[in-house]
Amino acid sequence: MTGKSREPLDPRILRTRRMLQHALETLLKKKQFDQVSVRDITEAATVNRATFYDHYPDKFALLECMVDSRFHALLTERGVRFEGSCASELRAIVLAVGTYLARMQGPKRKRQLEPHMESAIIAVVRRMLLDGLKQHPSGNPIAPETIAATASWAIYGAVKEWALTTNRCAPEDIADQVTLLVSPIFQLGQTPHSTM
């Protein structure tokens, strides 16, 4: 689920969650999210309501988990990692956020999904940044959680603005710009006279 570490799960649990996510994804091609019920989801996934509630407290949690899974799969497919402060790794994350948001644009895009997509994507980026910061401590007096939270929100906010802009620049250009803006966050507080 969103915001939790990725631990190996029983294959049956994974299969059920994938079925539920796929059912929701299919339903969203035909209906608005607010018109989709848990019953619709369980029928499409061919599971009962009790099984649904064993995995998700509600359809909002399912949606966030679905977005989290799809975005994490994109990052994995591209081999995107973050080891602490490397600008090229940070740029790859920014580019992945841009790619994902651009895919969500268009006539099928549902505005009501935005808050759930936003929280899921930010959670994945935050977790990735935090893992990298914790693996390679820098001696920064600012907590890694604060750095990761600040950077993940900044990345998402800037890239979302780009995705909503008509006649926007190329994804690579926005990735360069956002990386330039966000990179100093990782150096703040390292030395009393740090330069940006």
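Criteria and thresholds
- Residues numbered from 1 in each chain as written.
- Predicted model: local features only at pLDDT ≥ 70, side-chain atom pairs only at ≥ 80, totals over all residues.
- Heavy atoms only, no water.
- Helix = DSSP H or I, 4+ residues; strand = E, 2+ residues; numbered from the N terminus.
- Buried < 20%, exposed > 50% of the residue type's maximum accessible area, 1.4 Å probe, protein only.
- Contact = heavy atoms within 4.5 Å.
- Axes fitted to C-alpha atoms, helices over the stretch in contact; angles between N-to-C directions.
- Parallel < 35°, antiparallel > 145°, perpendicular 65-115°, else oblique.
- Left-handed = near helix turned anticlockwise from the far one by under 90°.
- Nonpolar A, V, L, I, M, F, W, Y, C, P; charged D, E, K, R; others polar.
- Core = buried A, V, L, I, M, F, W, Y, C linked by side-chain atoms within 4.5 Å.
- Polar contact = N/O pair within 3.5 Å; in protein donor to acceptor, adjacent residues only side chain to side chain.

Q: How do you make sense of the environment of Ala 96 when you look at a structure like this?
A: Residue position: Ala 96 is located in helix H5 (residues 87–103). Residue classification places Ala 96 among the buried residues on the basis of a relative accessible area of 0%. Residues Ala 96 and Phe 71, spaced 25 residues apart in sequence, show a C-alpha to C-alpha distance of 8.2 Å. With sequence-adjacent residues up to four places away left out, Ala 96 is seen in contact with Phe 71, Leu 74, Leu 75 and Arg 78.

Q: I would appreciate a short explanation of the packing of H5 against helix H7 (residues 144–164) in the present structure.
A: When two helices pack together, their arrangement is given by the angle between the helix axes and by the axis-to-axis distance. Look at H5 against H7: their axes get within 9 Å of each other, and the N-to-C directions meet at 45°. Looking at the two axes, H5 sits oblique to H7. Remark: the crossing between H5 and H7 carries right-handed chirality. Counted together, Leu 90, Val 94, Val 97, Gly 98, Leu 101 and Ala 102 of H5 and Ile 155, Tyr 156, Val 159, Lys 160, Trp 162 and Ala 163 of H7 form the full contact between these two elements. Within the contact of H5 with H7, the residues separate by chemical class into ten nonpolar, one polar and one charged.

Q: How should the nonpolar core be read in this particular structure?
A: Here is a general trend for soluble globular proteins: nonpolar side chains tend to be buried in one another's company. Counting residues in hydrophobic clusters, the biggest one holds 57 residues, and the most contacted among them are Phe 71, Leu 129 and Ile 155. Elements with a minimum of two residues in this core: helix H1 (11–28), helix H2 (38–45), helix H4 (59–77), H5, helix H6 (114–135), H7 and helix H8 (171–182). Here the element with the most residues in this core is H6; it accounts for ten residues. Among all residues touching Phe 71, those that are not within four sequence positions of it are Ala 96, Val 97, Tyr 100, Ile 121, Val 124 and Val 125.

Q: Please explain the side chain of Gln 21 as it appears in this structure.
A: With respect to the helices, strands and loops of the structure, Gln 21 is situated in helix H1. One polar contact links Gln 21 to Tyr 56, side chain to side chain, over a distance of 3.2 Å. Residues in contact with Gln 21, not counting those within four places in the same chain, are Tyr 56, Leu 62, Cys 65, Met 66, Ser 69 and Arg 70.

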